[in-house]
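An overview of the molecular structure
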Amino acid sequence: MKDYIKLTSQRFPNVILRVIPGHFATPNAHVNYYMDMSPMKARISESRAVAKALAESYIYTTPVDTIVCMEGMEVIGGFLAEELQKGGIRSMNQHQSIYVLKPESSIGGQLIFRDNLLDWIRNKNVLLLFDSATSGRTVRRAVDTLKYYGALISGISAIFSAASRIAGMEVQALFTQADLPGYEFYNPEDCILCKNGVPIDAICSGMGYTPLR
């Protein structure tokens, strides 16, 4: 699991994605690469570089009041808010300040925002921030949840995305399938790797991985 490959963003040479080939099970899919984004999320220099790169898609064109961070993206979300405010991003908040939030998750996997946070979501321009978007299920669930709470979705952003559009919106991603030749993902019940008898190397989520062998 330590034999990773480094991929450097073509547009942002100080943004590096580490990937490991194999057979991995995520909450929504099976994939043939694990993307280790832990350094991006935890190392300040890398978090800041990712945030600066992500900000370029929104800084002059898109109003943002709140950034909702999924899958451990809070540090990057904080730096992203700083970058957007440096550029004078438009905001509907009375304090002209961007809020950075993380939703709770119920036992059944439903996303929840407590009542004390709703003033920063309802009728506000919300930017959704993910580490990766593979099948799009988590993104669509987050979009549906935020719309239920009255949010105006102003953008969807991710470090990696296998799709250019999800839930009818363009996904702004630093890395795509074009950067990772041979990348594949499957519904768990239709996984070709499983059907070919390839054992699963690890169970993965936005927080990391647990090896199975």
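Described below are features of the structure shown in this document. (Residues numbered from 1 in each chain as written. Predicted model: local features only at pLDDT ≥ 70, side-chain atom pairs only at ≥ 80, totals over all residues. Heavy atoms only, no water.)

Observations regarding the packing of aromatic side chains
Cut-off, in case you're wondering: Two aromatic rings, drawn from Phe, Tyr or Trp (for Trp, its six-membered ring), form a pair once their centres lie within 6.5 Å of each other, and the interplanar angle then sorts them: stacked below 30 degrees, edge-to-face above 60, tilted otherwise. Every helix listed is a DSSP run of H or I at least four residues long, and every strand listed is a run of E at least two residues long, numbered separately from the N terminus. Summary of the burial criterion: residues with accessible area below 20% of their type's maximum are buried, those above 50% are exposed, and those between are partly exposed, where the area comes from a 1.4 Å probe applied to protein chains only.
This model, assessed by the stated rule, comprises seven aromatic pairs. Between Tyr99 and Trp120 the ring centres are 4.3 Å apart and the planes differ by 10°, which places this aromatic pair in the stacked class. Residue Tyr99 is located in strand S5 (residues 99-101), and its partner Trp120 is located in the loop between strand S7 (111-112) and strand S8 (125-133); the two are separated by 21 residues in the primary sequence. On the basis of relative accessible area, Tyr99 is assigned to the buried category, the value being 18%.

Concerning the pattern of salt bridges
Where we set the bar: Throughout this description, the term salt bridge denotes a Lys or Arg side-chain nitrogen within 4 Å of a carboxyl oxygen of Asp or Glu.
Applying the stated rule across the entire model yields seven salt bridges. Where Glu46 meets Arg18, a salt bridge forms, and the shortest distance between an N and an O atom there is 3.1 Å. Taken together, the residues span a long stretch of sequence, with Glu46 in helix H2 (residues 44-55) and Arg18 in strand S2 (residues 16-25) at a distance of 28 residues. Accessibility expressed as a relative area gives 8% for Arg18, which makes it buried. Two residues, Lys41 and Asp131, come together in a salt bridge whose shortest N-O distance is 2.9 Å. On the criterion of sequence distance, the pair formed by Lys41 in helix H1 (residues 38-42) and Asp131 in strand S8 is long-range, its members being 90 residues apart. As far as burial versus exposure is concerned, Lys41 and Asp131 are alike and both buried.

As for the sheet that holds strand S9 (residues 152-161)
Here is the rule we go by: The pairing criterion for strands is at least two bridges between them, as found by DSSP.
Strand order in the open sheet formed by six strands is S5-S4-S8-S9-S11-S10, with mixed pairing between adjacent strands. The open sheet has two edge strands with one neighbour each: S5 and strand S10 (165-166). In this sheet, S8 lies alongside strand S4 (residues 66-69) in parallel orientation, the contact comprising four bridges. Paired with Ile67 across the strands is Leu127, a residue of S8.

Side note on the environment of Cys69
Heads up, the condition is: The contact criterion used is simple: two residues touch if any of their non-hydrogen atoms lie within 4.5 Å.
Take Cys69: it is sitting in strand S4. A residue is classified by how much of its surface remains accessible, and Cys69, at 1% relative accessible area, is buried. Linking Cys69 and Ser105, residues 36 residues apart in sequence, is a C-alpha distance of 13 Å. Once you skip the residues sitting within four places of it in the chain, Cys69 turns out to touch Glu74, Gly77, Val100, Leu101, Lys102, Pro103 and Leu129.

Quick word on the state of the cysteines
The criterion, for reference: The disulfide definition used here is simple: a pair of cysteine sulfur atoms within 2.5 Å.
Considering all chains together, one arrives at zero disulfides under this definition. Here Cys194 stays free of any disulfide, with the sulfur of Cys191 as its closest cysteine sulfur at 3.7 Å. Here Cys204 is not disulfide-linked; the sulfur of Cys191 is the nearest cysteine sulfur, at 13 Å.

Some remarks on the nonpolar core
Stated precisely, the cut-off is as follows: Throughout, nonpolar core names a set of buried Ala, Val, Leu, Ile, Met, Phe, Trp, Tyr and Cys residues whose side chains join them through atoms within 4.5 Å.
Judged by nonpolar contacts, the single largest core of 43 residues is most densely connected at Val15, Met40, Ile67, Ile76, Leu80, Leu84 and Phe175. Element by element, the count of residues in this core is highest for H2, at six residues. For Val15, the residues in contact, after removing those within four places along its chain, are Leu7, Thr8, Ser9, Met40, Ala49, Val50, Ala53, Leu174 and Phe175. Core analysis: the second largest hydrophobic core is formed by 24 residues, Leu111, Val143, Ile153 and Ile166 among them.

Topic: unusual backbone geometry
Its identity as a non-glycine residue notwithstanding, Glu71 has a phi of 60°, on the positive side. Structurally, Glu71 can be placed in the loop between S4 and helix H3 (74-86). In this structure, Ala167 takes a positive phi of about 55° despite not being glycine. Note on placement: Ala167 falls in the loop between S10 and strand S11 (169-175).

Brief notes about helix H4 (residues 137-148)
How we decide: The span expected for a helix works out to 1.5 Å for each residue beyond the first. What the arc describes is the spread of directions from the helix axis to the C-beta atoms.
With 12 residues, H4 extends 16 Å from end C-alpha to end C-alpha; this agrees with the ideal 16 Å at 1.5 Å per step. Among the residues making up H4, those that are buried are Thr138, Val139, Ala142, Val143, Thr145 and Leu146. Projected down its long axis, H4 carries its buried residues within an arc of 165°, all on one side. Across H4 from its buried face, at more than 90 degrees, point the exposed residues Asp144, Lys147 and Tyr148. Each element contacted by the buried residues of H4 is listed here: S4, S7, S8, S9 and S10. Gly150, located one to two residues past H4, shows a positive phi value of around 90°.

These figures come from the coordinates and say nothing about function on their own.
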